[in-house]
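This is what each chain is made of:
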Amino acid sequence: MTRSPRRGGRRAGAAALCAAAVLFTGCTGPGSSDGAGGSPSPSATVPVPGAADDLQESFQEVVDRVLPSVVQITTGEGLGSGVVYDGEGHIVTNAHVVGDAERFRITMATGRDELDAELVASYPEEDLAVVKLTDPPRNLRPATFGESDEVDVGQIVLAMGNPLGLSSSVTEGIISATGRAISEGSAEATIGNLIQTSAPINPGNSGGALVDLSGRVIGVPTLAARTPDGNGGAAPGLGFAIPSDTVRHLADQMIEHGEVVDSDEAAIEATVRTVLGEDYRPAGVAIVETEEGGAADAAGLRAGDVITGLDGRETPDTTALAEALASREPGDEVKAVYRRGGEERTVTITLGER
């Protein structure tokens, strides 16, 4: 299955993976000082360099600590992953994992017994949902959620989940980028401020855990990029996760209120649609109706205006507009280029909230 400061990582750092790989390649061979000049016998043990051994131990410690908090969620339509959020039995996952279902079967990583769970709330706009175990076990182990605004590009991460039904699987990669805005067919809206990772994200990983080497969940995998060739195949090394700051912000509301009451997502507060040009290609986003007193209305925009750009980004369609807004926050000022009666104009909009 395939935003604050904005809630997600925004800084760049250094990668350690290449160094580790070099260390693993060291071996005895011709020209070395072992006195024999040949390869070790099949029964000989080649020592693992200290730094590489430390990295391996770190991986194993993280897996031992976090994997018991990662579960499999099964619905009538398929399966996905989830992360134990608290000791009361709340589990966070993706909205596209729960779909339209309200009851679920949960398989814990610590045992094969299936447990019942019910839907608490789903928020497709950010592809996040919360379910709750009806009878939480005593040995429930909530995950520790880290601060995603502290993640570094190049940082090593592990992705844990149930890809293709292979329970309790772990893959490894790095943080490739932060602040990505992605539109994907299975989601009901453009999702902003995502963490991009090279750790493989396969069907079934959705809703699982993206974890740093301190054993903290810094993101919840949501989707993998698809190739643009029309075949729909996965694009290797291009996966995306919802930042943990966003997860906590939304999950806490869903648990307390049964819904999201403060999305923290920027909006122009108007009903819009894509319009086509003379060549039948998308040519802008037309305002159908503005909310009275909302951001667009306050900026002087009105029905019939066609927005063609926002803060230097072209907006030929509603998806492009959504992607431009996904990297902004309520209260931000943006410059919009729009057409009215054949005349191009500009206006500054103070963004509202979706």
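Each value, and the rule that gives it
- Residues numbered from 1 in each chain as written.
- Predicted model: local features only at pLDDT ≥ 70, side-chain atom pairs only at ≥ 80, totals over all residues.
- Heavy atoms only, no water.
- Helix = DSSP H or I, 4+ residues; strand = E, 2+ residues; numbered from the N terminus.
- Buried < 20%, exposed > 50% of the residue type's maximum accessible area, 1.4 Å probe, protein only.
- Areas by Shrake-Rupley, 256 points an atom, 1.4 Å probe, with all protein chains shown as cover.
- Pairing = 2+ DSSP bridges.
- Salt bridge = Lys/Arg side-chain N within 4 Å of Asp/Glu carboxyl O.
- Axes fitted to C-alpha atoms, helices over the stretch in contact; angles between N-to-C directions.
- Contact = heavy atoms within 4.5 Å.
- Expected span 1.5 Å × (residues − 1).
- Polar contact = N/O pair within 3.5 Å; in protein donor to acceptor, adjacent residues only side chain to side chain.

J.: Sorry, what's going on with the overall build of the protein chain here?
T.: Helix and strand content of the protein chain: six helices and 22 strands. Residues counted as buried form 45% of the 354 residues belonging to the protein chain. Looking at the protein chain as shown, the accessible area adds up to about 16800 Å², and 47% of this sits on carbon and sulfur atoms.

J.: Would you take a moment to explain the pairing of strand 2 (residues 70–74) for this structure?
T.: Across a regular strand the side chains alternate sides, sitting on one face of the sheet and then on the other. Most of strand 2 is tucked away, with four of its five residues classed as buried. Bridge count between strand 2 and strand 3 (residues 79–84): five bridges; the pairing is antiparallel. Residue pairing across strands places Gln72 opposite Ser81, the latter belonging to strand 3. In this structure, the hairpin formed by strand 2 and strand 3 is closed by a connection of four residues, where Gly78 is found at a positive phi of approximately 160°. Pairing of strand 2 with strand 5 (residues 103–107), which is carried by three bridges, proceeds in the antiparallel orientation. Each residue of the ladder has a partner; that of Gln72, found in strand 5, is Thr107.

J.: Explain the pattern of salt bridges to me, please; I cannot follow it from the model alone.
T.: As a working rule, side chains carrying opposite charge can pair if their charged atoms are close by. Enumeration according to the criterion identifies ten salt bridges in this entry. Across the pair Asp305 and Arg340 runs a salt bridge whose closest N-O atoms are separated by 2.8 Å. Taken as a pair, Asp305 in the loop between helix 5 (295–298) and strand 18 (306–310) and Arg340 in strand 20 (residues 333–340) lie far apart in primary sequence, 35 residues in all. According to the relative accessible area criterion, Arg340 is buried, its value standing at 14%. Two residues, Glu343 and Arg345, come together in a salt bridge whose shortest N-O distance is 3.6 Å. Three or more residues are tied together by salt bridges with common partners; here these are Arg105, Glu114 and Asp116.

J.: In this structure, what is going on with the sheet that holds strand 5? I would like to understand it.
T.: Strands pair in a sheet through their backbones, by hydrogen bonds, and they do so in one of two ways: parallel or antiparallel. Read around the closed barrel, six strands run 2-3-4-7-6-5, paired in antiparallel fashion. Each strand axis lies, on average, 40° off the axis of its neighbour in the sheet, ignoring direction. Judged from the four bridges that link them, strand 4 (residues 90–93) and strand 7 (residues 128–133) form a sheet pairing that is antiparallel. Across the sheet, the residue bridging to Thr93 is Ala129, located in strand 7. Together, strand 4, strand 6 (114–123) and strand 7 form the strand contacts of helix 4 (residues 244–257), whose direction differs from that of strand 7 by roughly 50°.

J.: So what exactly am I meant to see when it comes to the pairing of strand 3 here?
T.: Across the six residues that make up strand 3, a large majority, five, are buried. Linking strand 3 to strand 4, which pair antiparallel, is a turn of five residues; within it Gly89 sits at a positive phi near 100°.

J.: Would you mind going over helix 4 with me for this structure?
T.: A turn of α-helix holds 3.6 residues, and therefore any two residues three or four places apart point the same way. Helix length check: helix 4, at 14 residues, gives a terminal C-alpha distance of 20 Å against a target of 20 Å (1.5 Å per residue), a fit within 8%. Of the residues flanking the end of helix 4, it is Gly258, one or two places downstream, whose phi is positive at about 75°.

J.: I keep staring at the environment of Asp279 and nothing clicks. Help me out?
T.: When you line up the elements, Asp279 lands in the loop between strand 16 (270–276) and strand 17 (282–290). There is a polar contact of 3.1 Å between the side chain of Asp279 and the backbone nitrogen of Arg281.

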